[in-house]
Amino acid sequence: MREDLQRSIATVLSELGIDVAPSDVVMERPLRIEHGDWSTNAALVYAKLLGKNPRDLANEICDKVADSGLQYLERVEVAGPGFVNFHLSIGWLHDILLDVIDKGEEGYARFDFGASERVNLEFVSANPTGPIHVGNGWWGAYGDSLGRVMARCGYTVHREYYVNDTGRQVRMLGESVLARKFDSEIPDDGYQGEYVSRLAKSYSGPADAMVAGKWASEMILEEIKDTLASIGIEYDAWFSQASIEESGALNETINELRIKGLIEERDGATWFMSHTAGLGDSRDRVLVRSDGTPTYLGGDLAYHRNKFLVRGFDRVIDIFGADHQGQVASLKCGMDALGVDTSRLEILIGQMISLVEGGKSGKMSKRLGNFVSLDELIEDLGSDAVRLLALMGSLDQANTLDLDVVRSQSMENPVYYIQYAYARICSLERVREERSIERVPIENVDLGVLSHPRELELLRVLETMPDTVREACEERAPHKVTAWVRKLAAAFHGFYHDCPILFQDPDQDDSALMQARLWLVEACRVASVIAFSLLGVSTLERM
RNA sequence: GCGCUCGUAGCUCAAUUGGACAGAGCAUCUGACUACGGAUCAGAAGGUUGGGGGUUCGACUCCCUCCGAGCGCGCCA
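Residues numbered from 1 in each chain as written. Chains lettered and ligands numbered in written order. Predicted model: local features only at pLDDT ≥ 70, side-chain atom pairs only at ≥ 80, totals over all residues. Heavy atoms only, no water.

1. A few points about the overall build of chain A
Assigned secondary structure in chain A consists of 21 helices and 15 strands. On the principal axes, the C-alpha backbone points of chain A span a range of 85 × 65 × 40 Å. The proportion of buried residues among the 543 residues of chain A is 53%. Taking as baseline every contact in chain A between residues at least 6 positions apart, the subset at least 24 positions apart corresponds to 72%. Carbon together with sulfur atoms contributes 47% to the accessible area of chain A, which is approximately 24200 Å² in total. Averaging the coordinates of the 56 positive side-chain charges in chain A and doing the same for the 85 negative ones gives two points 3 Å apart. (Helix = DSSP H or I, 4+ residues; strand = E, 2+ residues; numbered from the N terminus. Buried < 20%, exposed > 50% of the residue type's maximum accessible area, 1.4 Å probe, protein only. Contact = heavy atoms within 4.5 Å. Areas by Shrake-Rupley, 256 points an atom, 1.4 Å probe, with all protein chains shown as cover. Lys, Arg positive; Asp, Glu negative; His and termini not counted. Charge placed at Lys NZ, Arg CZ, Asp CG, Glu CD.)

2. Some thoughts on the pattern of salt bridges
Here the structure, examined in full by the defined rule, presents 40 salt bridges. The partner of Arg-305 in a salt bridge is Glu-252, and the shortest N-O contact between them spans 3.5 Å. With a gap of 53 residues between them, Arg-305 in helix α12 (residues 296–310) and Glu-252 in helix α11 (residues 249–259) connect regions that are remote in the sequence. Among the residues examined, Glu-252 registers a relative accessible area of 40% and is labelled partly exposed. (Salt bridge = Lys/Arg side-chain N within 4 Å of Asp/Glu carboxyl O.)

3. Digging into the environment of Lys-103
For Lys-103, the position within the fold is in helix α4 (residues 91–107). For Lys-103, a relative accessible area of 40% translates into the label partly exposed. Among the polar contacts listed, one links the side chain of Lys-103 to the side chain of Asp-99, at a separation of 2.9 Å. (Polar contact = N/O pair within 3.5 Å; in protein donor to acceptor, adjacent residues only side chain to side chain.)

4. Structural notes on the side chain of Ser-8
By secondary structure assignment, the location of Ser-8 is in helix α1 (residues 2–15). Under the relative-accessibility criterion, Ser-8 is labelled buried at 12%. Those residues in contact with Ser-8 that sit more than four places away from it in its chain are Val-65, Ser-68 and Leu-70.

5. Overview of the confidence of the model for chain A
Per-residue pLDDT for chain A has a mean of 93; in total, 97% of the residues score no lower than 70. Model confidence for the complex: the whole-complex pTM is 0.94, and ipTM, which rates the interface, is 0.95. (pLDDT = per-residue confidence, 0-100.)

6. Section: the sheet that holds strand β10 (residues 285–288)
Pairing in this open sheet of three strands is antiparallel, and the strands run β8-β9-β10 from one edge to the other. This sheet does not close on itself; its edge strands, each paired only once, are β8 (263–266) and β10. Averaged over neighbouring strand pairs, the angle between their axes works out to 40 degrees when direction is ignored. (Pairing = 2+ DSSP bridges. Axes fitted to C-alpha atoms, helices over the stretch in contact; angles between N-to-C directions.)

7. Overview of the side chain of Gln-515
With respect to the element layout, Gln-515 can be found in helix α21 (residues 511–535). Judged by relative accessible area, which is 8%, Gln-515 ranks as buried.

8. Some details on the sheet that holds strand β12 (residues 345–350)
Strand order in the open sheet made by the five strands is β7-β6-β5-β11-β12, with parallel pairing throughout. What marks the edges here is a single partner per strand, and that holds for β7 (237–240) and β12. Pairs of neighbouring strands in the sheet enclose a mean axial angle of 25 degrees, with direction left out of account. Against the sheet, helix α6 (residues 140–152) engages β5 (118–122), β6 (156–163), β11 (315–321) and β12, with an angle of about 160 degrees to β6. Along the sheet, α12 makes contact with β5, β6, β7, β11 and β12, crossing β11 at roughly 150 degrees.

9. Focus: α12
Residues spaced three or four apart along an α-helix face the same direction, because each turn holds 3.6 residues. Taking 1.5 Å per residue, 15 residues should reach 21 Å; α12 reaches 20 Å between its end C-alpha atoms and fits that length. Along α12, 12 of the 15 residues are buried, which leaves the element largely enclosed by surrounding structure. Those residues of α12 not exposed but buried are Leu-297, Gly-298, Gly-299, Asp-300, Leu-301, Ala-302, Tyr-303, His-304, Arg-305, Asn-306, Lys-307 and Phe-308. Of the residues trailing α12, Gly-312 is marked for its positive phi of about 70 degrees. (Expected span 1.5 Å × (residues − 1).)

10. Remarks on unusual backbone geometry
Unlike most non-glycine residues, Tyr-72 shows phi in positive territory, near 75 degrees. Mapping Tyr-72 onto the fold places it in the loop between α3 (54–66) and β3 (73–79). The phi dihedral of Ser-436 falls on the positive side, at around 55 degrees, and the residue is not glycine. Within the secondary structure, Ser-436 is located in the loop between α17 (414–434) and α18 (453–463).

If you want it as structure tokens, here you go:
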């Protein structure tokens, strides 16, 4: 329908001398129902080019499209400064219902514009020096869900977790474990959490900090995997930082940069001249320290080079915490210098999450061991509630999580609202079977009887699903799916409340209405299954 | 000090990427169960979108400037 209107409008514009591709005609769904089903701002956009008054142009568009004989087009009018509003007959919504049923769980709101582009999606990547806490893991659901959304849009998504299994922090972890084991002082920069004591008890290896640290970080990583899996986050690869260093990938990276004259030795260290060479960084960066050990950035450059140039990903998306934003410029400079088109490297920054408990907010620190673990939160709220909570807001909003509130009001979490809608759908199906009510094939059902405002509202919501998924993908904003599914649930609850679906006596006259409503419910079920799977929230047949 | 991000109802967050009267949930108040699950529905109240300028048909959105917050600014990661 939108395409029909776009074509029609583009035709009018071309008759007036402006060549516009139909897909470039902006169509919007007005917020207010009085403004019609579809609206275009074309007259406002092109009036100046034609040297016309916007309202005059709008009137021309209005008249000509009105005469075009488009199906379902009931009324066209000009409003405001020059909007053209299209009012459609409800038949176009009944077609939506057919479309949902026809395409089903597999096909509805699915796209192929990703064109199988291979995307490497890295997220969470918290250091395995302690259990994953709420701050580290908060955007995990977001990254995971983004992957699901992109996969549905035709991308080939590869999820990856970069494991920091080398370097100073691992040694500090080892020293902390050994200190606990032998009852000595934990070093100043050591890890204080009780999990260190727990690890120390089961450690039986040599009293070597590096060995103990490796061992401990491997143990911790397994716990991290379990935690993430418990909220439905799975990875295709856990990529070891040590493997990058040991494989010589860092040296290869440095050599490539050296050939381009971007490397200097200074004070015994190896520097990347990302600033001096005019690449846009705010200062030069050390890649290899004077003691020969690689810096984090050195490893990360080699890692990203590996993603692009060794493994050949078409696109790399990293979700970093705000505390890593200082690294973005250097990384982009590095990739640019290596000949990678940096528009293929998207670094999304997730703002910090602050926790409030007992009315007070506190800093979480893995070192001090005073963090709230993600496991704890999952245990308190359940994985679905945690996921949905994290998928409520946008990445660049610093979230505040009041633990007392989410715990005490966990029943008010929107997750129950949407799951309840799904449970009601399932309940209807159970009752239908109990009463032995047959479902008539949709092609034999008169959908024209669906005209109750609640029914139309529901159909309108269903109609917006494909666009929502597309936007969520293109804008890397999976939380839009959350907003949408809440809208669907609200529309469904309203419909359910006002519109009886299963009539007591199936032989009475309104069985036609019952059949149409049953298909509407089925469409809601299909859409819910899709949306829930994109969010990674489970569908419950009973609650 | 410099850089990045942000500031929206009492609280937690949205807002079709520049669109029409800025929307939800929680909290507060008032109503609604003889169909199928009341974990629901309907309504009320709540705002100068941090302040001030600018750009234009039109600004929460873009530009400038103040104010305020978070995060960076290591041969840590």
